[in-house]
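Here is what each chain is made of, one letter per residue.
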Amino acid sequence: MVPMSWYLALGAVLFTIGAVSVIVKRDILSMLLAIELMLNSVNLTLVTFSSYFRELSGQILVFFVMVVAAAEAGVGLAIVVLLFRNRQTVDVDQASMLKL
Amino acid sequence: MEQLFFVIFAGIALIGAVNLLLRRNPLYAALSLLTTMAALTGLYIMLKAYFIAVIQVIIYAGAIVVLFLFVIMLFNIRAVERQTDRRGYLKWLALPFAIILIGQFLYIVRLFEENPTPVGTEIGFTEAVGRKLFTAYLLPFELTSVLILAAIIGAVVLAQKE
Amino acid sequence: MDIALEAALKIAVILFIVLTFLAYLVLFERKILGWIQLRVGPNRVGPWGLLQPLADLLKFIAKEDVTPDTPNRVLFALAPALALVPPLMALAVIPFGSTIELFGRKIALQITDINVGLLYVFALGSLEVYGIILAGWSSNSKYSLLGGLRSAAQMISYELALTLSVAGVLIQAGTLSLSEIVHVQSGYYFGIIPRWHVFWYQPLGFIIFFIAAVAETNRVPFDLPEAESELVAGYHTEYSSIKFAMFFVGEYAAMFVVSALATTLFLGGWTGPGAERVPLLGVLYFSLKTGFFLFVYIWLRGTLPRFRYDQLMQFGWKVLVPMAFANIFISSALALWR
C-alpha cells in the first residue's frame, strides 16, 4: 500500500510546476496548458482523498473540474484564435492594450 | 510492487511537467502535458478510481489536448521570440514563489503521514459514481449543462468571422 | 501468477489470430473490389492469390525506410505506433465467445472483462487521432498536414455521434461491461426473433453507430484525410516501408475493432443457436457477424464516392448528432415506460 502522503506530495509538486509555468511562459497557449496541469494536480489530490476515505464526493468534484476545464479550453482557444487573427502573435505582452 | 508502479508513474508525470515548463514551442508543451495526463491515468487506476481514469483519457487526451494541437498546427504557431521581453525581470520572482508554495504544501502534507481510516465503503466504479452524481449532486450536474451551453455559445461567437 | 500466465497466453493467441486475419482481410478486400469492378483481383502468388499477404509483408520489410526533412524525428517514428497500438489494445475487452474448458480449468474467451469496458474502448478510440495528427505535422509536407488536420476535425466530430449512439444500448443493458451486454441480448422474443439490440429498440442507434464508425476509421466515403485525388495520400504521404505498414495495419485493426464492437453491442456478440453448449460455435457466430460488417466496409468502398468536406461536417453535426439525441430520448422514454 502506497502512503497517501506520496500522492499528495506529487500533486503539490505538479501544482507548483504548473503555477511557475503560468508565470514564466509568455505565449498564451502554453499558459493555458499550464493551467490545465494545475487543474490535473488538483484532480489527483481529490481522487487521492476520495480513494483513501472511501467516499466518492471527491471523484464527483473531479468530474465537475473536468467539465470546467473543457469549457475553459473551448472559450480560451476561441480567444487565442481571435488574438492570432488580429495581431498575428500569441504573446500575451503584445496584447496588453484594451484596443486593437 | 504497488510502490514501484507509483514511482514509475510519478516519474513520468514529473518528467512531463518539467518538460512543459522548459519547452518554448507550445506543440511540445501540449505533448508533455499529454504525457503527464497519461501517467495520472495510471495513478487513478491504482487508486481504484476506474471511471475517473477512463473519463480522464476521453476528455483530456481525446478532446482538450487535441483541440490545443489543432489550433497550434492550424495557425502554425512557433515559439515566441525573445525580443518581446519587456518585463523579463518579473520571471525571477517565480523562483521564490515556487519555494514558498511548495513549502506550504509540504507543511500541509506532513499532517497526513498516517493513512486515514475510511469513512465509507465506496469504490470508484461507474455505477457508484453515477448513483451519487444523480442523487446527491443532481443540481450541480444539471448546472454544468448550462455552463457548457454558455461555453459553446461563447466559443462560436468569439471565433466566427465578421 | 497463474492469472498473469493465462492472460499473457490469451493475448499472444488473440493477437496472432487477429493479425493473421487482418492480413487476409486485405487480400479479400482486393479480391472483392476486383469482383465488383469485373476484374480478377490478385491471383499470381500462390493458389487463388492466397500467399499474397506474405508477399506484401516481405515487400514492406524490404523497402527502403525514407525519413523526410522532419522537424522531429522521434515524433515521426512514434506516430505510426500511436496509430497501431490503440486498436490492438482495444481487443483486450472484446468477448470472442463464452467460456471453454481447457486443461481442467475454465477459460473465458475474452482477455479481460473490466467494469468500464465500453468506455475503455472509446478512450482508446479517442487516442487514435494522435497518430494521424502527429504524422501529419512531423511529415513537414502540406498534404500531410492538411490530411492530419482534416482527420482531427472529422474524428472529433464523429466521435460525438458514435458515443451518443451507444447511450441507447447502455440504457437498455444497464452495464458498461461488454460480456454482460452480450448476456443481456441472449434469448428470443416470440421464440424466433433474437433479442439483439438492432431488432429491439435500437435500430436507429445501430445505423448512427455504423455510419459514425465508418467515419471514425477514415474509410470510404469518409476518407478525406487520405483523399488520393486531392491530398496524394494525406497523412501518410511521406511514410514508407514498415512505418507505412503500421499505418496500414492500424487502419484495418481499427476496422476490425469497430466491427467487433458493433457485433457485441447490436448483434448479440457470440450468441446464437447452440452457442451456450458448444463454445466454439459462439466463436464462429462472432466471426460471421464481424465478417459481415467488414464485408459492408469493402462493399461501401466499391460503391460510394467521397463526401465533400463541408458536406461531411454538415452531415455529422446537423444530421447524425441530432438523430443520436433523439435516439437517447426515445430509449429513455421506452425504459421508463417498461
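Figured I'd write up the structure that's included with this text. (Residues numbered from 1 in each chain as written. Chains lettered and ligands numbered in written order. Predicted model: local features only at pLDDT ≥ 70, side-chain atom pairs only at ≥ 80, totals over all residues. Heavy atoms only, no water.)

## Regarding empty space enclosed by the protein
All names here are of chain C. Filter applied, for reference: The definitions used throughout rest on a 1 Å grid laid over the protein atoms alone, on which a cavity is an enclosed set of points accommodating a 1.4 Å probe that cannot get out and a pocket is an open set flanked by protein within 12 Å on both sides along at least five of seven lines; lining residues are those having an atom within 4 Å of a point. Grid points are joined across faces, edges and corners, and a volume is the space filled by probe spheres set on the points. Each helix is a run of H or I in the DSSP string that is no shorter than four residues. Each strand is a run of E no shorter than two, and both are numbered from the N terminus. The classification used treats Ala, Val, Leu, Ile, Met, Phe, Trp, Tyr, Cys and Pro as nonpolar, Asp, Glu, Lys and Arg as charged, and all other residues, Gly among them, as polar.
Per the stated rule, a full pass over the model turns up three cavities of 30 Å³ or more. Of the voids in this model, the largest cavity is the one considered here, and its volume is about 250 Å³. Val121, Gly125, Glu216, Val257 and Val258 are the residues nearest the centre of the largest cavity, which is lined by 19 residues in total. The biggest single contributor to the lining of the largest cavity is helix 4 (residues 117-138), with six residues. The residue inventory of the lining of the largest cavity, partitioned by class, reads 13 nonpolar, three polar and three charged. Approximately 90 Å³ is the volume found for the second largest cavity. Forming the boundary of the second largest cavity are Ala83, Glu128, Ile132, Met155, Glu216, Thr217, Asn218, Tyr235, Phe247, Gly250, Glu251 and Ala254. Going through the elements one at a time, helix 4 and helix 9 (241-266) are the ones with two or more residues in the lining of the second largest cavity. Among the elements that make up the lining of the second largest cavity, the one with the highest residue count is helix 9 (four residues).

## Regarding the pattern of salt bridges
Residues and elements named next belong to chain C. Cut-off, in case you're wondering: Salt bridge criterion: a side-chain nitrogen from Lys or Arg within 4 Å of a carboxyl oxygen from Asp or Glu.
By the definition in use, this model includes nine salt bridges over all chains. Linking Arg219 and Glu29 is a salt bridge whose minimum nitrogen-to-oxygen distance equals 2.7 Å. On the criterion of sequence distance, the pair formed by Arg219 in the loop between helix 7 (203-216) and helix 8 (228-231) and Glu29 in helix 1 (residues 2-36) is long-range, its members being 190 residues apart. Of the charged contacts, one joins Arg219 and Glu251 as a salt bridge, the two residues approaching to 3.3 Å between their closest N and O atoms. One end of the pair, Arg219, is in the loop between helix 7 and helix 8; the other, Glu251, is in helix 9, and 32 residues separate them in sequence.

Geometric values such as these leave the question of function open.
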